[in-house]
Amino acid sequence: MAISFTVNGEKRRVDGDPAKPLLWALREDLDMVGTKFGCGAGLCGACTVHLDGVAVRSCQTPVGDVANMAVTTIEGVQASDAGKRVAASWVKLDVPQCGYCQAGQIMSATALLAQTPRPSDEEIDAAMMGNLCRCSTYVRIRAAIRDAAGIAETQA
Ligand code: FES
Ligand code: FES
């Protein structure tokens with residue numbers, strides 16, 4: 001079955017099983033490996049992409065469900081103003097450690113700021129709670145989101 005959708009603004013098409021997770025359609029069929037496989041069970045957030053602007057877990061999203069929709073991945077996140085600011089703050093505050101979870105973190109943070117330009121700490125925590133980091137970069141992640149939002153850092 002042919003499934004058409006856009007990825008980072010470009011029309012793409014994959015042929016195959018519509019039940020295949022979007023994560024693997026991106027990585028295997030479209031050779032876009034920035035989106036990472038972590039748990040494969042919707043528990044870690046490493047595979048987060050945007051679907052029509054909403055952060056979703058691509059390991060839990062059948063590719064057949066994204067027909068005619070707009071997918072944004074880490075490769076294209078900086079096309080949006082929010083994505084550009086998040087990426088710049090990530091670099092400025094040197095957020096990553098091993099880096100494995102960071103594409104997913106950036107995608108969730110960008111979706112948050114696109115929807116809520118000046119989030120409270122509670123809103124940041126709620127948006128980011130499904131993105132796990134084994135290196136425990138959580139303090140820098142929150143600081144970078146606040147920096148990208150133009151909110152002064154109040155933590156000691
Ligand atoms: S790989 Fe998708 S949530 Fe962990
Ligand atoms: S930076 Fe290593 S898992 Fe998050």
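Check the entry above for the structure.
Rules and cut-offs
Residues numbered from 1 in each chain as written. Chains lettered and ligands numbered in written order. Predicted model: local features only at pLDDT ≥ 70, side-chain atom pairs only at ≥ 80, totals over all residues. Heavy atoms only, no water. Salt bridge = Lys/Arg side-chain N within 4 Å of Asp/Glu carboxyl O. Buried < 20%, exposed > 50% of the residue type's maximum accessible area, 1.4 Å probe, protein only. Pairing = 2+ DSSP bridges. Helix = DSSP H or I, 4+ residues; strand = E, 2+ residues; numbered from the N terminus. Axes fitted to C-alpha atoms, helices over the stretch in contact; angles between N-to-C directions. Contact = heavy atoms within 4.5 Å.

Draft legend 1. Spotlight on the pattern of salt bridges. A full pass over the atoms with the stated rule returns eight salt bridges. Glu28 is the salt-bridge partner of Lys20, the closest N and O atoms lying 3.2 Å from each other. Where Lys20 meets Asp29, a salt bridge forms, and the shortest distance between an N and an O atom there is 3.1 Å. Judged by its relative accessible area of 22%, Lys20 falls in the partly exposed class. One salt-bridge network, in which partners are shared between bridges, spans Asp121, Asp125, Arg142 and Arg146.

Draft legend 2. Representation of the sheet that holds strand β3 (residues 48–51) within the structure. Taken together, the five strands give an open sheet; going across it, the order is β2-β1-β5-β3-β4, and neighbouring strands pair in mixed fashion. Only two strands of the sheet have a single neighbouring strand rather than two, namely β2 (10–15) and β4 (54–57). Strand after strand, the sheet turns through a mean of 40° between neighbouring axes, direction not considered. Sheet topology places strand β1 (residues 2–7) next to strand β5 (residues 70–72); two bridges connect them, and they run parallel. Residue pairing across strands places Val7 opposite Val71, the latter belonging to β5. Across the face of the sheet, helix α3 (residues 102–115) comes into contact with β3, β4 and β5 while running at roughly 35° to β3.

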